[in-house]
Amino acid sequence: MAESQGYTETANQLGHDIGMLLKHYRRAITKSEAEAYYNITPDSV
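Conventions adopted
Residues numbered from 1 in each chain as written. Predicted model: local features only at pLDDT ≥ 70, side-chain atom pairs only at ≥ 80, totals over all residues. Heavy atoms only, no water. Helix = DSSP H or I, 4+ residues; strand = E, 2+ residues; numbered from the N terminus. Buried < 20%, exposed > 50% of the residue type's maximum accessible area, 1.4 Å probe, protein only. Areas by Shrake-Rupley, 256 points an atom, 1.4 Å probe, with all protein chains shown as cover. Lys, Arg positive; Asp, Glu negative; His and termini not counted. Charge placed at Lys NZ, Arg CZ, Asp CG, Glu CD. Phe/Tyr/Trp six-rings, centres within 6.5 Å; stacked < 30°, edge-to-face > 60°. pLDDT = per-residue confidence, 0-100.

Quick notes on the overall build of the protein chain
- The helix and strand inventory of the protein chain stands at four helices and zero strands.
- Starting at the N terminus and ending at the C terminus, the protein chain contains elements arranged as α-α-α-α.
- Overall, the C-alpha framework of the protein chain stretches about 45 × 15 × 15 Å when taken along its three principal axes.
- In the protein chain, which comprises 45 residues, the proportion classed as buried is 9%.
- Split by element, the accessible area of the protein chain, about 4,100 Å² in all, is 53% carbon and sulfur.
- The protein chain carries 4 positive and 6 negative side-chain charges, and their two centres are separated by 7 Å.

A closer look at the packing of aromatic side chains
- Under the criterion given, the structure shown has one aromatic pair.
- Taking 5.0 Å as the distance between ring centres and 90° as the angle between the ring planes, the aromatic pair formed by Tyr 37 and Tyr 38 counts as edge-to-face. Across this residue pair, the class does not change: Tyr 37 and Tyr 38 are exposed.

Structural notes on the environment of Glu 35
- Position of Glu 35 among the secondary structure elements: in helix H4 (residues 31-38).
- Linking Glu 35 and Ala 2, residues 33 residues apart in sequence, is a C-alpha distance of 13 Å.

Notes on the confidence of the model for the protein chain
- On average, the protein chain scores 81 in pLDDT, and the residues at 70 or more come to 91%.
- Within the protein chain, helix H2 (residues 7-14) carries the highest mean pLDDT (89), whereas helix H1 (residues 2-5) carries the lowest (78).

Written out as structure tokens, the structure is:
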């Protein structure tokens, strides 16, 4: 979220300020990392 929308918009959507965002979330991930995460699917059996 932060990669595509920026810290301010992300913090607003999560309901807190930028300081809280940076305190509780380790780091922003890149767009390619986010896409890889959301493309995870269960293996076919």
